[in-house]
Amino acid sequence: MRHPVVMGNWKLNGSKEMVSNLLKGLDAELKGLEGVDVAVAPPAMYLDLAEQLIGKAESKIILGAQNVDVNASGAFTGDISPEMLKDFGASHIIIGHSERRDYHNESDEFVAKKFAFLKEHGLTPVLCIGESEAQNEAGETVAVCARQIDAVINTQGVEALEGAIIAYEPIWAIGTGKAATADDAQRIHAAIRAHIAEKSEEVAKKVVIQYGGSVKPENAAAYFAQPDIDGALVGGAALDAASFAAIAKAAAEAKK
Ligand SMILES: O=C[C@H](O)COP(=O)(O)O
């Protein structure tokens, strides 16, 4: 049985006050919760504060980040290295989010490079994949996801996916309120797992595949009831402690 992982991607939202209130709220909401790994990815500016607050929390909250760059040190203005993320206790690092692929022109190959760099430094990549609305309508969803995963498999071997997390996020469902149905998401998750199984059934069986795209407390349980949906990558609803905790609790309940 795969252990579910629910992660909050706070994107470009936050202030010292908001980070503090949200983490304190989450700590209170998540007390005693077992059976699910709960992670948050605040903006990099707030990792220090988040690390301090999580250190004092009674609940287990995993610290993550929203991005990493591909150089270890040196003249790379504005970049953040894996060791810097580690220095602040961040372990689960989102890469290849569609917002970075779109707004920062990140290619499959560049994302795969980030994946390798994180693994090299003992961090957990949360590899986002997913199709656009046009690709969805053209029936290209599985091919797009396979291509995005193959950028990692073909350069690092399928074993590289061991211990990593894949987040399937249809771009048209992100922040739109237009979530994929649980049945559709399950179908794509199963196809993604089958694609990985062509290279290794063992890895395919173990890899955590999250769904992301307008996950809310109201629809979360339906996703987690699906056999190939192992958690969620949550955007908007992760900015509210009660909503995010409700999603985490739904995962723990469904995957008991
Ligand atoms: O990384 C999270 C996703 O982009 C989902 O965002 P959303 O829950 O606001 O749709």
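Here, every reference points to the structure presented above.
For every chain, the first residue of the written sequence is number 1, and numbering continues from 1 onward in sequence order. Since the coordinates come from a predicted model, pLDDT governs what is reported: local features require at least 70, and pairs of side-chain atoms require 80 or more to be given and counted, while whole-chain, interface and lining totals use all residues. Side-chain descriptors were evaluated using all non-hydrogen atoms of the structure, hydrogens and water having been removed beforehand.

Peer 1: Give a detailed account of the pattern of salt bridges, specifying residues and quantitative values.
Peer 2: Salt-bridge detection follows one rule: a side-chain nitrogen of Lys or Arg within 4 Å of a carboxyl oxygen of Asp or Glu. Following the criterion strictly, the structure yields 16 salt bridges and no others. Taking the shortest distance from any N to any O, the salt bridge between aspartate 228 and arginine 193 comes out at 2.6 Å. Taken as a pair, aspartate 228 in the loop between helix H10 (217-224) and strand S8 (231-234) and arginine 193 in helix H8 (residues 182-197) lie far apart in primary sequence, 35 residues in all. Here aspartate 228 matches arginine 193 in class, with each residue buried. With a closest N to O distance of 2.8 Å, arginine 193 and aspartate 230 form a salt bridge. Taken as a pair, arginine 193 in helix H8 and aspartate 230 in the loop between H10 and S8 lie far apart in primary sequence, 37 residues in all. Only DSSP runs of H or I with at least four residues qualify as helices, and only runs of E with at least two residues qualify as strands; both kinds are numbered from the N terminus onward. For the exposure calls, accessible area comes from a 1.4 Å probe over protein chains only, and a residue counts as buried if that area is under 20% of its type's maximum, exposed if over 50%, partly exposed in between.

Peer 1: I'd like to hear about the environment of valine 36, residue by residue, with values.
Peer 2: By secondary structure assignment, the location of valine 36 is in the loop between helix H1 (16-30) and strand S2 (37-41). Here valine 36 falls in the buried class, since its relative accessible area comes to 9%. Linking valine 36 and serine 200, residues 164 residues apart in sequence, is a C-alpha distance of 25 Å. Any two residues whose heavy atoms approach within 4.5 Å are treated as being in contact. Setting aside residues up to four positions removed in sequence, valine 36 forms contacts with His3, Pro4, Val6, Ala248, Ala251 and Ala252.

Any functional reading would require information beyond the geometric quantities listed.
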